[in-house]
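If you want the building blocks of each chain, they are given just below.
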Amino acid sequence: MKTIIKTLISGAAMAVTVLFVASCDNSSKFTITGEITQAKDSMLYLDHMALEGVQIIDSIKLDEAGHFDFSVNAPTGAPDFYRLRIYDQIINLAVDSTETITVKADYKNMAEGYNIEGNDNCQKIKELTIKQMDLQARAQQVANDPLLVGTAPADSIFRMLNTYKAEVCRDYIYKDPLKASSYFALFQSIVVNNAYIMVFDPQRHLDDVKPFQAVATSWKQFYPESPRAQNLETIAMEGLKTKKIVEQQNKGLEIDSSKVTEVTLVDVPLADATGHIRHLTELKGKVVLLDFHLFSADDSPARILLLREIYNKYHDRGFEIYQVSLDQDDHFWKTQTDALPWINVRDTEGKQSLFYLNSSESVPCSFIISRDNEVVMAPGQIKNLEADIAKFL
């Protein structure tokens, strides 16, 4: 079932949009107003980019003038994230507190040609968005170059990414890690030949741990109770954990990853077939197989049969499976999982799975999580699935 993860995310998903909202009480509101021309009768959405997934907060059908006005209760205690959207066109915004942000754009070049007033942070995020689009275009051009063969396209794109990251770290992240633009930069991505690539990926590029640390430290200091601050810290510390293991292995030393216990895993909160949000962190005390799966793949039945045998053998000893489906068809997924005894959730856009998967990964793809809620074996470390699970029971 070597289905490449590039099928997870559409090109539209790469323009991840961030809206920054500072601490305020429940009665405070932020306002976003303006006009988007050439979009008569189109629906303009204000989405909340929650950790649990995208939530539509408000919407309006645009008239001839394209005027809109959103006034929304601001979150308490910490920044939060939103986006303005018409179809796959997105405008990136930053809101410091309760000020009014004015946006004017033409739908045809809405994502990069808009004008914005009321917050300096918005301009920083716009700059990053345009840089991201340029990186995307150049990377795709390299991928399409018929004169580049073998590993040459991948090597060239890798160099582009490194140059881009150095510039963004210098001009944005390290200059002011508390800004919304710095958070935005950490989660930028590009799509090349339908393959989703994270720009900063601390699990696979150890140098990317440092910018995550910088932002995590600032957010933790100013927003210590924020779930987003805690999630940033977890990602940074998980990257440090991986870095420590790799450094020891490079020295010729063997290190038992189960003994590296500085952090817990990054949560994957997703809905099951009943709509109930299931969390990996709720399974602490069990040995968990985090399994990414495509039921539409040809050899899915054989994979499910193997997992059934392992589950039936070890479930009574504290073993659980948290299976994340990447299938697009909701009815098909529910039909396929109806009789399965373990936890089944679905991540159609792959957004909750990005920490674990990237364009080089194939599905099925599994991680083993210890009773202490820590990732102890990654896909490349698992040689015999049943035997490796049994080691931690």
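Being a predicted model, the structure only gives us computed values, none of them experimental.

## Re the overall build of the protein
For the protein, the count of helices and strands is nine helices and 19 strands. Residues counted as buried form 51% of the 393 residues belonging to the protein. By sequence separation, contacts in the protein at least 24 residues apart represent 69% of the contacts at least 6 residues apart. Surface accessibility of the protein: about 17800 Å² in total, with carbon and sulfur atoms responsible for 49%.

## Details of helix α2 (residues 120–144)
Its 25 residues give α2 an end-to-end C-alpha distance of 37 Å, which sits within 8% of 36 Å, the value for a rise of 1.5 Å per residue. Listed in full, the buried residues belonging to α2 are N121, C122, I125, K126, L128, T129, Q132, L135, Q136, A139, Q140 and V142. The inward-facing, buried residues of α2 contact β8 (100–106), α1 (110–113), β9 (115–117), α3 (152–173), α4 (180–186) and β10 (189–192). Capping of α2 at its N-terminal end is provided by N119; its side-chain oxygen lies 2.6 Å from the backbone amide nitrogen of N121.

## Observations concerning the pattern of salt bridges
Within this structure, the stated rule accounts for 14 salt bridges. Ionic pairing is found between D330 and K334, a salt bridge with its closest N-O pair at 3.3 Å. You can see D330 and its partner K334 sitting in helix α8 (residues 330–337), four residues apart, about one turn around the helix. When its relative accessible area of 34% is taken as the criterion, K334 is described as partly exposed.

## Overview of the confidence of the model for the protein
Per-chain confidence: the protein averages 82 in pLDDT, with 83% of residues scoring 70 or above. Taken as a whole, residues 2–26 scores under 50 in pLDDT and shows 108 contacts with residues more than four places along the chain or in a different chain. In this model, residues 253–264 is a region of pLDDT below 50 whose contacts with residues beyond four sequence positions or in other chains number 25 contacts.

## As for the pairing of strand β16 (residues 343–346)
What you see with β16 is no split at all: I343 and V345 on one side and N344 and R346 on the other are buried throughout. With four bridges connecting them, strand β15 (residues 319–325) and β16 associate as parallel partners. The partner of S325 across the bridge, within β16, is R346.

## Considerations on the sheet that holds strand β3 (residues 43–50)
On the basis of which strands lie adjacent, the open sheet formed by four strands has the order β4-β3-β6-β7 and antiparallel pairing. Because the sheet does not close on itself, it has two edges, and the strands there are β4 (53–61) and β7 (89–91). Taken pair by pair, the neighbouring strands of this sheet meet at an average axis angle of 30°, ignoring direction.

## Here's the deal with the pairing of strand β18 (residues 365–369)
A large share of β18 lies buried, amounting to five of its five residues. Across the two faces of β18 the burial is the same, with C365, F367 and I369 and S366 and I368 all buried. With five bridges joining them, strand β14 (residues 287–293) and β18 adopt antiparallel strand pairing. By the bridge assignment for β18, F292 is matched with C365. Two strands pair when backbone bridges link them, and β18 and strand β19 (residues 375–377) are joined in this way by two bridges, in the antiparallel orientation. Bridging from a neighbouring strand, I369 pairs with V375 of β19. Connecting β18 to the next strand, β19, in antiparallel fashion are five residues, including N373 with a positive phi near 65°.

## Notes on the environment of A143
Its location among the elements puts A143 in helix α2. The class for A143 is partly exposed, based on a relative accessible area of 23%. Taking the C-alpha atoms as reference points, A143 and A154, separated by 11 residues in sequence, lie 7.7 Å from one another.

## A closer look at the side chain of S300
Within the fold, S300 resides in helix α7 (residues 300–314). Side chain to side chain, S300 and H293 meet in a polar contact 2.7 Å long.

## Points about the sheet that holds β16
The mixed open sheet is built from five strands, whose spatial order is β16-β15-β14-β18-β19. A single partner strand is all that each edge strand has here, and the edge strands are β16 and β19. Geometrically, the sheet is characterised by an average inter-axis angle of 30° between neighbouring strands, direction not taken into account. Pairing geometry for β14 and β15, over seven bridges, is parallel. Across the sheet, residue F292 finds its bridge partner in β15, namely V324. Set on the sheet, α7 makes contact with β14, β15 and β18; between it and β15 the angle comes to about 155°. Each of β15 and β16 is contacted by α8, which is oriented at about 170° to β16, the strand it contacts most.

## Side note on the packing of α2 against α3
Running from N to C, α2 and α3 point in directions that differ by 170°, and their axes come no closer than 10 Å. By the angle between their axes, α2 is roughly antiparallel relative to α3. Residue-level contacts link K124, E127, L128, K131, Q132, L135, R138, A139 and V142 of α2 to P153, S156, I157, M160, L161, Y164, E167, V168 and Y172 of α3. Here the residues of the contact of α2 with α3 sort into 11 nonpolar, two polar and five charged.

Rules and cut-offs
Residues numbered from 1 in each chain as written. Predicted model: local features only at pLDDT ≥ 70, side-chain atom pairs only at ≥ 80, totals over all residues. Heavy atoms only, no water. Helix = DSSP H or I, 4+ residues; strand = E, 2+ residues; numbered from the N terminus. Buried < 20%, exposed > 50% of the residue type's maximum accessible area, 1.4 Å probe, protein only. Contact = heavy atoms within 4.5 Å. Areas by Shrake-Rupley, 256 points an atom, 1.4 Å probe, with all protein chains shown as cover. Expected span 1.5 Å × (residues − 1). Polar contact = N/O pair within 3.5 Å; in protein donor to acceptor, adjacent residues only side chain to side chain. Salt bridge = Lys/Arg side-chain N within 4 Å of Asp/Glu carboxyl O. pLDDT = per-residue confidence, 0-100. Pairing = 2+ DSSP bridges. Axes fitted to C-alpha atoms, helices over the stretch in contact; angles between N-to-C directions. Parallel < 35°, antiparallel > 145°, perpendicular 65-115°, else oblique. Nonpolar A, V, L, I, M, F, W, Y, C, P; charged D, E, K, R; others polar.

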